[in-house]
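Notes for the structure review
What follows is each chain in one-letter form.
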Amino acid sequence: MTSQIADALVATLEPRGVVVVIEAEHLCMADAGVRKPGARTVTSAVRGSFRDNDVTRAEAMSLIYGSR
């Protein structure tokens, strides 16, 4: 899903770069079986200038993760 969102943004907006980060909680892990609340998964998709330039990507990621 993360890659699909990134690809749709690129196709629709034609930006120079896209970063999509999704954090989700596994409700099946919290409610059934394991009973481990807070089990989270983080996925990311990077396109364009964010993929090609390490400095730009690092800056974007620090802005995303720094705001938590």
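These notes cover the structure that comes with them. The structure presented is a predicted model; accordingly, all values stated were derived computationally and were not measured. (Residues numbered from 1 in each chain as written. Predicted model: local features only at pLDDT ≥ 70, side-chain atom pairs only at ≥ 80, totals over all residues. Heavy atoms only, no water.)

Bringing the nonpolar core into the picture now. Formed by Ala6, Val18, Val20, Ile22 and Ala45, the largest nonpolar core amounts to five residues. The element contributing the most residues to this core is strand 1 (residues 17-25), with three residues. If we ignore the near neighbours within four places in the chain, the residues touching valine 18 are Ala6, Leu9, Val10, Ala45, Val46, Arg47 and Phe50. (Core = buried A, V, L, I, M, F, W, Y, C linked by side-chain atoms within 4.5 Å. Buried < 20%, exposed > 50% of the residue type's maximum accessible area, 1.4 Å probe, protein only. Helix = DSSP H or I, 4+ residues; strand = E, 2+ residues; numbered from the N terminus. Contact = heavy atoms within 4.5 Å.)

The next subject is unusual backbone geometry. Positioned with a positive phi, glutamate 14 is a non-glycine residue whose angle comes to about 50°. Topologically, glutamate 14 is positioned in the loop between helix 1 (2-13) and strand 1. Residue glutamate 14 is classed as exposed on the basis of its relative accessible area, which comes to 67%.

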